[in-house]
Amino acid sequence: MEESIRAVLPGCFLFAGVPEGEAMAALSGCGSIRRCERGEVVLSPQQFTPMLGVVLQGRLEARNDHVLLTVLEPGRCFGVAGLWSGAEEYVSTVRAQKESLLYTFSRADLTALFSRCPQTLQNYLAFLSDRIVFLNQKVALYSCQSVEGKVYAYFKQQAAAGCPQKVNSSELGRLLGVGRASLYRAFEALQARGLIRKEGKTVTVLHAEEVL
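Computed from a predicted model, the values in this text were never measured in an experiment.

Undergrad: Requested: an account of the sheet that holds strand β5 (residues 67–72), with residues and values cited.
TA: Strands belonging to one sheet form pairs held by backbone hydrogen bonds; the direction of such a pair is parallel or antiparallel. Spatially, the 4 strands line up as an open sheet ordered β2-β7-β4-β5, and their pairing is antiparallel. The sheet is open, and its two borders are formed by β2 (41–43) and β5, each paired with just one other strand. Shown here is a sheet whose adjacent strand axes are inclined to one another by a mean of 30°, direction ignored. Two elements, strand β4 (residues 60–64) and β5, share 5 bridges in a ladder whose sense is antiparallel.

Structure follows, in structure tokens:
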């Protein structure tokens, strides 16, 4: 178990810049291990316990209204923003794609960790600040007036998050608030401008630096 924890420390934002020995000492008696079976729901709007989870082994996914938001592999975290938000439900559904092992922190666990290792608190605040900037950028992108702009912004965000660039017209139309015919016209226009390439249901962003 200790080997699994040591393996993910370099990739976990909480322990950036923290020597391994100091990190392991701070974790002693702080947090708990959780095993998840394939398909098991960890967090959802209907099943929410404030916690921060770090993936040690396996793979999880986060979805919102059946739209894949991100894939969580060893070293990745979830539940960061909701831990102290006061919200009574979680906005997304986090589910194990395969048998997985998690290291979970409650509010009390993180408070203890911050006290033992102040660098983890700085890292936590930096992570939240970066998320605010990211979400502000996302709001700006999704406020595009044209359908082409909304579609292009969506796939740029998916590419940046490392999510599969697969098209489900019904889900995408519902997410962006546009009709299927408008989506098809947007895809044609974006391909004609050389901004994306669409092959079947796969979309590749060709010029992510462009802003519509």
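Undergrad: Lay out the packing of aromatic side chains with the relevant residues and their values.
TA: Counted under the stated rule, the structure contains 7 aromatic pairs. Measuring from ring centre to ring centre gives 5.9 Å for Trp84 and Tyr124, while their planes differ by 90°; the resulting arrangement is edge-to-face. Separated by 40 residues along the polypeptide, Trp84 in the loop between β6 (77–78) and β7 (93–96) and Tyr124 in helix α4 (residues 118–142) bring together distant segments of the chain. On the accessibility criterion, Tyr124 (5% relative accessible area) is buried. When the centroid spacing of 5.0 Å and the interplanar angle of 85° are considered together, the rings of Tyr154 and Phe155 count as edge-to-face. Note on accessibility: Tyr154 and Phe155 belong to one class, buried. Of the aromatic side chains, those joined through ring pairs into one cluster are Trp84, Phe114 and Tyr124.

Undergrad: Can you lay out the nonpolar core for me, pointing to particular residues and giving the numbers?
TA: Formed by 27 residues in total, the largest nonpolar core has its most connected members in Leu14, Phe15, Leu52, Phe105, Leu110, Leu113 and Tyr124. Mapped onto this core, the elements with two or more residues apiece are α1 (2–8), α2 (20–27), β3 (52–57), β8 (100–105) and α3 (107–116). Here Leu113 is in contact with Leu14, Phe15, Ala26, Leu27, Cys30, Phe105 and Thr120, once residues within four sequence places are set aside.

Undergrad: Describe the pairing of strand β10 (residues 202–205), naming the residues involved and giving the relevant values.
TA: Residues Val203 and Val205 line the buried face of β10, whereas the alternating positions Thr202 and Thr204 sit on a face that is not buried. Hairpin connection from strand β9 (residues 196–199) to β10: 2 residues lie between these consecutive antiparallel strands, with Gly200 at a positive phi of about 65°.

Undergrad: Break down α2 for me, citing the residues and quoting the values.
TA: Within the span of α2, buried status applies to Ala23, Met24, Ala26 and Leu27. All buried residues of α2 lie within an arc of 160° about the axis, which places them on one face of the element. Across from the buried face of α2, at angles greater than 90 degrees, the exposed residues are Gly21 and Ala25. At its buried positions, α2 is contacted by α1, β8 and α3. Phi turns positive one or two residues past the end of α2, at Gly29, with a value near 75°.

Undergrad: Give a detailed account of the environment of Tyr154, specifying residues and quantitative values.
TA: Take Tyr154: it is sitting in helix α5 (residues 147–160). Taking relative accessible area as the criterion, Tyr154 reaches 9% and is therefore assigned buried. In sequence terms Tyr154 and Gln191 are 37 residues apart; their C-alpha atoms lie 15 Å from each other.

Undergrad: Pulling in residues and values, what's your account of helix α7 (residues 180–192)?
TA: Taking 1.5 Å as the rise per residue, α7 with 13 residues should run 18 Å; its terminal C-alpha atoms sit 18 Å apart, in good agreement. If you check which residues of α7 are buried, you get Leu183, Ala186, Phe187 and Leu190. The buried residues of α7 occupy one face: seen down the axis, they fall within an arc of 100°. Counted as exposed and oriented over 90 degrees from the buried face of α7: Arg185, Glu188 and Ala192. Where α7 is buried, its residues meet α5, α6 (169–176), β9 and β10. Just downstream of α7 lies Gly194, where phi reads positive at about 75°.

Undergrad: I'd love a proper account of the side chain of Glu61, names of residues and values included.
TA: The topology assignment puts Glu61 in strand β4. Within polar-contact distance, the side chain of Glu61 engages the side chain of Gln97 at 2.7 Å. Filtering out sequence-adjacent residues up to four positions away, Glu61 remains in contact with Leu68, Thr70, Val71, Thr93, Val94, Arg95 and Gln97.

Undergrad: Requested: an account of the environment of Leu69, with residues and values cited.
TA: Examined against the element boundaries, Leu69 turns out to sit in strand β5. Note: C-alpha distance between Leu69 and Arg185 (116 residues apart in sequence) is 25 Å.

Reading the values: rules and limits
Residues numbered from 1 in each chain as written. Predicted model: local features only at pLDDT ≥ 70, side-chain atom pairs only at ≥ 80, totals over all residues. Heavy atoms only, no water. Pairing = 2+ DSSP bridges. Helix = DSSP H or I, 4+ residues; strand = E, 2+ residues; numbered from the N terminus. Axes fitted to C-alpha atoms, helices over the stretch in contact; angles between N-to-C directions. Phe/Tyr/Trp six-rings, centres within 6.5 Å; stacked < 30°, edge-to-face > 60°. Buried < 20%, exposed > 50% of the residue type's maximum accessible area, 1.4 Å probe, protein only. Core = buried A, V, L, I, M, F, W, Y, C linked by side-chain atoms within 4.5 Å. Contact = heavy atoms within 4.5 Å. Arc of directions from axis to C-beta. Expected span 1.5 Å × (residues − 1). Polar contact = N/O pair within 3.5 Å; in protein donor to acceptor, adjacent residues only side chain to side chain.

Function cannot be read off these values alone, since they describe shape.
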